[in-house]
Amino acid sequence: MGRGLSRGRSVATCTSWVSRLGGQMTCQRFPWDHLDDIVFCSGKPLQEASEAKERGSHTSKLAVTLVFGASLLRRVTGLAASGELFLRACLTSALIMSHPTRAEGNAHSKARMSPYPRSTVERSHVPDEKVPWRVDWHEYKPVEYTAPAILAGPAWADQQIGERDFSPKFNEKDGLVDRRSHNGTYEIENGRPRNPAGRTGLGGRGLLGRWGPNHAADPIVTRWKRDNHGNKVSHPVSGKDILQFVAIKRKDCGEWAIPGGMVDPGEKISATLKREFGEEAMNSLVKSKVKKKELEEQLNKLFSQEHLMVYKGYVDDPRNTDNAWMETEAVNYHDETGETMDNLTLEAGDDAGKVKWVEISDKLKLYASHSQFIELVAEKRGAHWSEDGDPGYHG
C-alpha cells in the first residue's frame, strides 16, 4: 500500500474507529483518513485500489472496500452485522457517486435517457467520459426543461430560482425542507445546485419539485417463498432459499418497482416508509375509517420490528437533471414467519397500477436503481440471487 502497513496495526486502527463510532456511524463521520487501513484489512487483491489511488478518489477507494471485503472487515474488527450493512449502504452510495462508468453498464445512465419522461424533450448527448464535472467541457450546453406541472407552482414544489421571496438554503435544513444530500455537500453554480453524480444533458428541474436533492423512501418488504406445507422453497441450482418482495407496477412508466415515494416536509423517514407502503401496496387512501384503523395496526406490527438499512444516497433516476436529482433511503422489513403479511391483502393504489409478490433473482428488471437495492437484501438475508454461483456476493 506504499505506507509499510502491518496487518496488526491496520486491524487495531479499524477496530478503534469501529468501536468509537458504534451505532452512530454515518457517511459524514466515516474515518476517511484510515482508508488504506480499511482496504488493507479486506485482505483481497488491490489492483483496482491502486488504480483508484492514482485517480486520487477517496470514494473510489471506498467502493473497492465494498467490492472486495466489507464482510471480511466485519469479521476482522468485530463490527456488528447491522454495522456492516450500514457500511455497505454507505459504500454502495460511494460506488455509484464515484465511478459512473462501472462494469454492468453506466451507473448514471438512466439519468441521461431520452426522451425525458412524460415529454418529447431530448437531452443533450453526454458521452460516458464527459459525465464527471471534473472533465472540462466548455462546449457543454444542456437543454433547459422544467415540466409545466412544476412551473404551475404546486404547494410541494419550489419556485424558480431568481423569483422574488425564494431564497433556498442549499446544503442545509431549510425550514421543514431538508436540502442536505445523503452524499455530502454539493456544489452551487450560478445559483443552482449541481448534480453530484455528473452531467445529465438537461438543466432545470424536469418533473422534480425541488432544486437539488429530492428525498424519497423505499420500503422493501420481504418474506420467504413457501410451499403448501409452509416449508421454505430453495432454488434448485443455487440451493439457497428464495426470497420474495412486494413490488408495484408504476403507472407512469409501466416498470416494476419498490413501492416508495417522496418524503413530505418535516416528515420522519420511518413515517414515509409506512405511509407509502400503505398507499401504494394496500390502497389505504380509499379505505373506510374502520379498515384504515385495522390496516394501521397491522402495518405498525410490521414496521416496528427490526429492520435493515440497505441503501442511502443518490439514485440513477430518469427524472434527474443537472440541477435536481433523486435520493432515497431503502429499508428492508422482513416478515420471517410470513404470518404478518398473510393477514394483509395486497391492493394497488395511488401511483401503482398493479401490486404482487415477486421472487428475487438477478433476472429482475426494475425501475431506476431498485435492482441494486434488491440484490443487497438478498445478499444480507443469504437468499438466492443468481444461478451462476452468486457472483454479485462479496462476503
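Our structure's up above, just so we're on the same page.
Model, not experiment: these values are computed from the prediction.

Participant: Pulling in residues and values, what's your account of the overall build of the protein chain?
Facilitator: Tallying secondary structure elements over the protein chain gives ten helices and 13 strands in all. A buried classification covers 51% of the 395 residues belonging to the protein chain. Once local pairs closer than 6 in sequence are excluded, the contacts in the protein chain between residues at least 24 apart make up 69%. Accessible surface, the protein chain as shown: approximately 18700 Å² in total, 49% of it carbon and sulfur.

Participant: Can you tell me about unusual backbone geometry, naming the residues and giving the values?
Facilitator: With omega at -5 degrees, the peptide bond leading from S114 into P115 counts as cis. Positive phi, normally seen in glycine, also occurs at N283, with a value near 55 degrees. Within the secondary structure layout, N283 lies in the loop between α7 (269–281) and α8 (289–303). Assessed through its relative accessible area of 11%, N283 is described here as buried.

Participant: Outline the pairing of strand β11 (residues 307–314), supporting the account with residue identities and numerical values.
Facilitator: The element β11 is largely enclosed, with a buried count of six among its eight residues. Both β11 and strand β12 (residues 324–335) contribute to a ladder of seven bridges, which runs antiparallel. By the bridge assignment for β12, Y314 is matched with E327.

Participant: Hey, could you go over the side chain of N323 for me, with residue numbers and the actual values?
Facilitator: Topologically, N323 is positioned in the loop between β11 and β12. A distance of 2.9 Å separates a polar side-chain atom of N323 from the backbone nitrogen of G204. For N323, the contacting residues outside a window of four places in its chain are R192, P193, G203, G204, W211 and G212.

Participant: Before we move on, could you go through the environment of V286 and cite the residues and values that matter?
Facilitator: The residue V286 is located in the loop between α7 and α8 in this model. Looking at V286, the relative accessible area reads 60%, which means it is exposed. With 63 residues separating them in the primary sequence, V286 and G349 have C-alpha atoms 8.3 Å apart.

Participant: Account for α8, naming residues and giving values.
Facilitator: An ideal rise of 1.5 Å per residue puts 21 Å on 15 residues; α8 measures up with 20 Å between its terminal C-alpha atoms. Looking at the buried positions of α8, the neighbouring elements they touch are β7 (212–224), α7, β12 and α9 (339–342).

Participant: Talk me through the side chain of T272; I want residue IDs and the actual numbers.
Facilitator: Relative to the elements of secondary structure, T272 occurs in helix α7. The class for T272 is buried, based on a relative accessible area of 0%. Once residues within four sequence positions are removed from consideration, T272 is found in contact with A217, G261, M262, V263 and E267.

Participant: Any chance you could break down the nonpolar core for me, citing the residues and the numbers?
Facilitator: What tends to happen in soluble globular proteins is that the nonpolar side chains get buried as a cluster. Among the nonpolar cores identified, the biggest contains 36 residues, and I220, F245, I360, F373 and I374 are the most heavily contacted of them. The set of elements that each furnish at least two residues to this core consists of β7, β8 (243–250), β11, β12 and α10 (370–381). Here the element with the most residues in this core is α10; it accounts for five residues. Excluding residues that lie within four positions of it along the chain, I220 makes contacts with F245, I258, A330, V331, N332, Y333, F373, I374 and V377. In this structure, I248, L299, L302 and F303 belong to the second largest nonpolar core, which totals 20 residues.

Conventions and cut-offs
- Residues numbered from 1 in each chain as written.
- Predicted model: local features only at pLDDT ≥ 70, side-chain atom pairs only at ≥ 80, totals over all residues.
- Heavy atoms only, no water.
- Helix = DSSP H or I, 4+ residues; strand = E, 2+ residues; numbered from the N terminus.
- Buried < 20%, exposed > 50% of the residue type's maximum accessible area, 1.4 Å probe, protein only.
- Contact = heavy atoms within 4.5 Å.
- Areas by Shrake-Rupley, 256 points an atom, 1.4 Å probe, with all protein chains shown as cover.
- Pairing = 2+ DSSP bridges.
- Polar contact = N/O pair within 3.5 Å; in protein donor to acceptor, adjacent residues only side chain to side chain.
- Expected span 1.5 Å × (residues − 1).
- Core = buried A, V, L, I, M, F, W, Y, C linked by side-chain atoms within 4.5 Å.

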